[in-house]
Amino acid sequence: MIALSCSKISKSFGIEEILQDISFSINHGEKVGLIGLNGTGKSTLFRIITGEIAADGGEVFKAREHTVGYLRQDNLLNEEKEVLEEVLTIFKDLEVMEHRLRALEVEISRLGDQHPPASGDTTNGIDPSAAGKTLDQRMHQYSALLEEFDARGGYSYKSEARGVLIGLGFTKEEFTQPIYQLSGGQKTRLSLGKLLLKNPDILLLDEPTNHLDIAAIQWLETFLKNYKGTILLISHDRYFLDQIVTRTFELENKTLNIFNGNYSTFMEKKQEAFQQQLKKHLENTKEIEKEKEKIRFLRQHGTEKLMNRAKSKEKQFEKIDREEAPLSGRKQVNIRFKPQLESGRDVLFAKNLKKSFDDETLFQNVTFDIYRGEKIALIGPNGVGKSTLFKMILGDMDYEHGKIDQGHHVMKAYYDQEMENLNPSKTVMDEIWDENPGLSHTEVRTYLGSFLFFGDDVFKEISVLSGGEKGRVSLLKLILSKSNFILLDEPTNHLDIQSKEVLEEALKNYLGTLFFISHDRYFINRVATKIVELSPAGVTVYFGNYDYYLQKKKEEQWAREDAEMEREEKPRTQTEKKQLQKKEREQQKALRKLKKEFTDIEEAIAAKEVLLSRLEEEMCKEEVYSDPEKSRRVQQEKTAGEKDLENLYHRWEALEEEINKQ
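Anyway, here's the lowdown on the structure attached to this text. None of the values given here were measured: they were computed from a predicted structure.

1. Details of the overall build of the protein
Assigned secondary structure in the protein consists of 20 helices and 18 strands. Within the protein, buried positions represent 43% of all 662 residues. When contacts within the protein are restricted to residue pairs at least 6 apart in sequence, those whose partners lie at least 24 apart make up 70%. As presented, the protein carries roughly 36200 Å² of accessible surface, and 48% of it is formed by carbon and sulfur atoms.

2. Quick word on the environment of E374
By the element assignment, E374 lies in the loop between strand 11 (360-371) and strand 12 (375-379). Every residue in contact with E374, bar those within four places of it in the chain, is listed here: D369, G512, T513, L514, T529 and K530. Looking at E374, its side chain comes within polar contact range of the side chain of K530, at 3.2 Å.

3. Examining the side chain of Q186
Note that Q186 resides in helix 6 (residues 184-198). Given a relative accessible area of 13%, Q186 falls into the buried group. There is a polar contact of 3.3 Å between the side chain of Q186 and the side chain of E174. Of note is the side chain of Q186, whose polar atom sits 2.8 Å from the backbone nitrogen of S183. Not counting residues within four places of it along the chain, the set of residues in contact with Q186 comprises F170 and E174.

4. Quick word on the pairing of strand 14 (residues 412-415)
The two faces of strand 14 differ: A413 and Y415 on one face are buried, but K412 and Y414 on the other face are not. Here strand 14 runs beside strand 15 (residues 485-489); their pairing, made up of four bridges, is parallel. Residue pairing for strand 15: Y415 is matched across the bridge by L488.

5. Here's the deal with the pattern of salt bridges
For the structure shown, the criterion picks out 33 salt bridges. Between E107 and R138 there is a salt bridge; the shortest N-O distance is 2.9 Å. With E107 in helix 3 (residues 92-113) and R138 in helix 4 (residues 128-151), this pair connects stretches of sequence that are 31 residues apart. When its relative accessible area of 18% is taken as the criterion, E107 is described as buried.

6. What to know about the packing of helix 5 (residues 157-167) against helix 7 (residues 214-225)
Running from N to C, helix 5 and helix 7 cross one another at 135°; their axes reach a closest spacing of 9 Å. By the angle between their axes, helix 5 is oblique relative to helix 7. Touching G163, V164 and G167 of helix 5 are A216, W219 and F223, all from helix 7.

7. What to know about the sheet that holds strand 4 (residues 57-62)
An order of 2-1-4 is seen for the three strands of this open sheet, with the pairing classed as antiparallel. Of all the strands in the sheet, just strand 2 (16-27) and strand 4 have a single pairing partner and so form its edges. Strand-to-strand twist in this sheet, taken as the mean axis angle between neighbours without regard to direction, amounts to 15°. As paired strands, strand 1 (residues 2-13) and strand 4 are joined by five bridges and run antiparallel to one another. Opposite L4, over in strand 4, you have K62 as the bridge partner.

8. Let's talk about unusual backbone geometry
Unlike most non-glycine residues, E207 shows phi in positive territory, near 55°. Checked against the element boundaries, E207 lands in the loop between strand 6 (202-206) and helix 7. At N253, a residue that is not glycine, the phi angle is positive and equals roughly 55°. Take N253: it is sitting in the loop between strand 8 (247-252) and strand 9 (255-260).

9. As for a negative patch on the surface
Together, E602, E603, E653 and E656 give the surface a local cluster of negative charge. Of all the secondary structure elements, the ones that give two or more residues to the negative patch are helix 18 (574-620) and helix 20 (628-661). Summarising the element assignment, E603 is placed in helix 18.

10. A short note on the sheet that holds strand 14
What the six strands build is an open sheet, ordered 14-15-16-12-17-18; its pairing is mixed. Sheet topology places strand 14 and strand 18 (538-542) at the edges, where each strand pairs with a single neighbour. When the angles between neighbouring strand axes are averaged without regard to direction, this sheet yields 20°. The sheet contact formed by strand 12 and strand 17 (residues 530-535) spans four bridges and is parallel. Each bridged residue has a counterpart across the sheet, and for I379 the counterpart in strand 17 is E533.

11. Section: helix 15 (residues 497-508)
Since the α-helix turns once every 3.6 residues, residues separated by three or four places project in the same direction. With twelve residues, helix 15 extends 16 Å from end C-alpha to end C-alpha; this agrees with the ideal 16 Å at 1.5 Å per step. Among the twelve residues that make up helix 15, ten are buried, leaving the element largely enclosed by the rest of the structure. Buried residues of helix 15: I497, Q498, S499, K500, E501, V502, L503, E504, A506 and L507, and no others.

12. Description of the packing of aromatic side chains
Applying the stated criterion to the full structure yields 17 aromatic pairs. Both rings, one in F390 and one in Y414, keep their centres 6.3 Å apart while their planes meet at 75°; by these two values the pair is edge-to-face. With F390 in helix 11 (residues 386-394) and Y414 in strand 14, the pair connects residues that are 24 residues apart, well separated along the chain. Above the plane of the ring of F357 lies K355, whose end atom (NZ or CZ) is 4.9 Å from the centre.

Rules behind the numbers
- Counting restarts for each chain, with residues numbered from 1 along the sequence as it is written.
- Reporting of local features is limited, given that this is a predicted model, to residues whose pLDDT is at least 70; pairs of side-chain atoms are given and counted only at 80 or more, and all residues count toward the totals for whole chains, interfaces and linings.
- The side-chain figures draw on all heavy atoms in the structure; neither hydrogens nor water molecules are used.
- A run of H or I in DSSP becomes a helix once it reaches four residues, and a run of E becomes a strand once it reaches two; helices and strands are each numbered from the N terminus.
- Accessible area is worked out with a 1.4 Å probe on protein chains only. A residue is then buried under 20% of its type maximum, exposed over 50%, and partly exposed in between.
- Two residues qualify as a contact provided that any one of their heavy atoms is within 4.5 Å of a heavy atom in the partner residue.
- Each accessible area is a Shrake-Rupley estimate made with a 1.4 Å probe; only the visible protein chains count as cover when residues are assessed.
- As used in this structure description, the phrase polar contact means that two N or O atoms lie within 3.5 Å; if the pair is within protein, one of them must be able to donate a hydrogen and the other to accept it, and residues adjacent in sequence are counted only when both atoms belong to side chains.
- For two strands to be treated as a pair, DSSP must find at least two bridges joining them.
- By salt bridge we mean one thing: a side-chain nitrogen of Lys or Arg within 4 Å of a carboxyl oxygen of Asp or Glu.
- Each axis is a line fitted through C-alpha atoms, and for a helix only the stretch in contact is used; angles between axes span 0 to 180 degrees, taken between their N-to-C directions.
- Throughout this description, any angle smaller than 35 degrees is read as roughly parallel, any larger than 145 degrees as roughly antiparallel, any in the 65 to 115 degree range as roughly perpendicular, and the remainder as oblique.
- Patch members must show over 30% relative accessible area and no salt bridge, and they are joined within 9 Å when carrying like charges or within 5 Å when they are nonpolar side chains of Val, Leu, Ile, Met, Phe, Trp or Tyr.
- The charged-residue count follows a simple rule in which Lys and Arg add positive charge and Asp and Glu add negative charge, with His and chain termini not counted at all.
- Charge placement uses NZ in Lys and CZ in Arg. For Asp and Glu, CG and CD serve respectively.
- Here the expected length of a helix is defined as 1.5 Å per residue gap, with one fewer gap than residues.
- Stacked, tilted and edge-to-face are the three classes applied to pairs of Phe, Tyr and Trp rings, where Trp contributes its six-membered ring and a pair requires centres within 6.5 Å; stacked means planes under 30 degrees apart, edge-to-face means over 60, and tilted covers the rest.
- Should the NZ of a Lys or the CZ of an Arg lie within 6 Å of a ring centre and within 35 degrees of the ring normal, that charge is described as sitting over the ring.

Structure below.
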């Protein structure tokens with residue numbers, strides 16, 4: 001069943017065409033990744049699908065009655081509400097139903113407690129048959145509403161909301177924090193949480209992993225893998241795409257290319273297609289050169305007959321289709337970036353570092369070493385102090401305990417997300433050349449080309465560049481600087497996939513030392529040679545990339561489980577064995593007693609529910625609700641029964657928890 005499809009969608013802004021004849025279909029339950037360079041129209045396509053903007057041509061089809069949820073980067077939130085309160089606004093209809101149920105309970109109880117006059121007496125204007133009819137109607141309304149409330153998760157929506165917030169990195173203390181106090185990243189996570197809880201049939205996600213740490217991204221991966229609806233997501237997080245999507249859509253040159261498989265499969269097929277295009281281009285070029293040579297040969301002989309043949313050949317030559325070089329080929333630049341000054345083997349030693357704020361310890365016992373040529377990823381949850389540790393290394397922040405020793409000839413440089421090392425009034429070309437006057441014009445153009453600045457792009461002013469373009473200039477400037485130890489704070493933020501790949505190649509070929517913070521697991525996997533995991537208790541060092549880190553984490557978990565089993569199975573003395581056996585017999589006896597009581601409780605609950613059902617039927621009978629005495633007696637019995645049932649359920653839950661613990 002097709003959940004979403006587009007047919008020949010086109011869109012222009014002014015004279016610039018963004019999308020051209022975009023067509024695709026997505027089946028219900030499919031998970032599709034939408035990728036492409038920044039500015040290719042991915043978000044524009046999303047806005048057309050949601051109806052936020054109109055296409056110039058083409059149509060969008062959505063399955064009948066399918067709801068669409070769209071995560072964009074500027075979702076509106078009520079700044080005055082608290083975090084949990086804002087999330088629960090999406091369950092407003094359930095809250096209304098809950099209030100209606102409580103009101104019906106009060107009304108039913110009141111109607112049952114009334115003392116209408118004897119049959120036929122209408123003293124005080126009360127008709128006993130009318131009162132009974134009203135009670136009957138309210139009870140039917142209550143039963144139907146209760147069934148709907150239960151079916152729609154009325155008893156679990158609050159705990160579900162809390163679970164999603166915790167999964168996205170919110171602490172329980174932050175549930176009551178006003179939204180206006182949140183950071184931009186926290187607001188984005190809150191918007192994502194609201195969207196996930198709405199559970200739409202079609203999810204459109206625009207960069208959902210922005211502002212999430214690795215733990216939250218892994219939680220989101222699990223959530224989306226188990227999501228029953230249809231997902232179309234824009235992401236530059238290639239590891240995330242690999243885990244989620246089964247098809248990949250690529251927007252390129254205004255059109256859409258469709259590939260079956262995740263991002264890695266897409267890259268393999270893309271490379272195969274590039275090689276085929278390149279081969280075709282080379283064959284075409286060879287054919288053209290061959291024809292040119294024939295024409296030159298014929299013209300050189302100068303006879304009229306041969307000149308006419310040359311003219312005929314030229315006409316045929318004009319009809320030959322020229323195969324342009326595939327675009328992917330222009331980023332195959334392999335440059336090794338070498339620092340102007342090489343550092344000593346020992347770059348930095350950190351020992352027993354501790355940092356606190358307002359008497360609250362952020363981290364302690366932080367010890368690690370950095371050696372020349374290493375490429376180290378610093379990972380850990382948001383708020384654990386990664387950027388703080390960088391500031392301590394750079395000398396921009398004090399610490400209470402420990403020491404940091406720097407090696408010989410170490411020259412540090414720092415890249416942060418503000419990119420303050422750029423001059424907005426300079427051109428891209430001048431920004432690089434002014435800092436490196438020893439380079440030739442060709443060398444500067446080659447370096448800029450390796451960072452995807454081609455043609456007139458190099459003459460753009462820094463002030464008009466996008467965030468991703470500024471990031472590329474800033475990183476190239478650092479790599480070409482005199483520094484030999486570069487600290488990078490989230491270097492792949494604002495970069496599209498092609499820019500990330502270029503950066504990865506540059507950093508892999510960088511001969512200096514790198515220490516970087518990143519939540520981009522694909523980037524970490526390709527660049528890092530060592531991983532330092534920061535926690536409040538200290539650091540753990542892993543000598544490998546991200547895949548190696550994951551494997552070691554699994555092995556650590558297995559080792560803990562094995563150690564636990566060994567502790568449980570270690571030899572005991574005869575006295576210990578007898579004591580253990582006695583304890584086990586007592587536990588088994590107690591467990592049997594609990595299970596018997598549990599069974600008895602279940603039987604009592606079943607009997608009580610049958611009784612209450614019978615009493616509800618009694619209350620709906622005319623001979624009961626028309627008789628004040630009978631009505632009052634049945635209502636009192638029902639109220640007492642409901643209280644007993646509630647107590648039975650409480651005991652049942654307590655017994656279940658106690659049995660599970662054993």
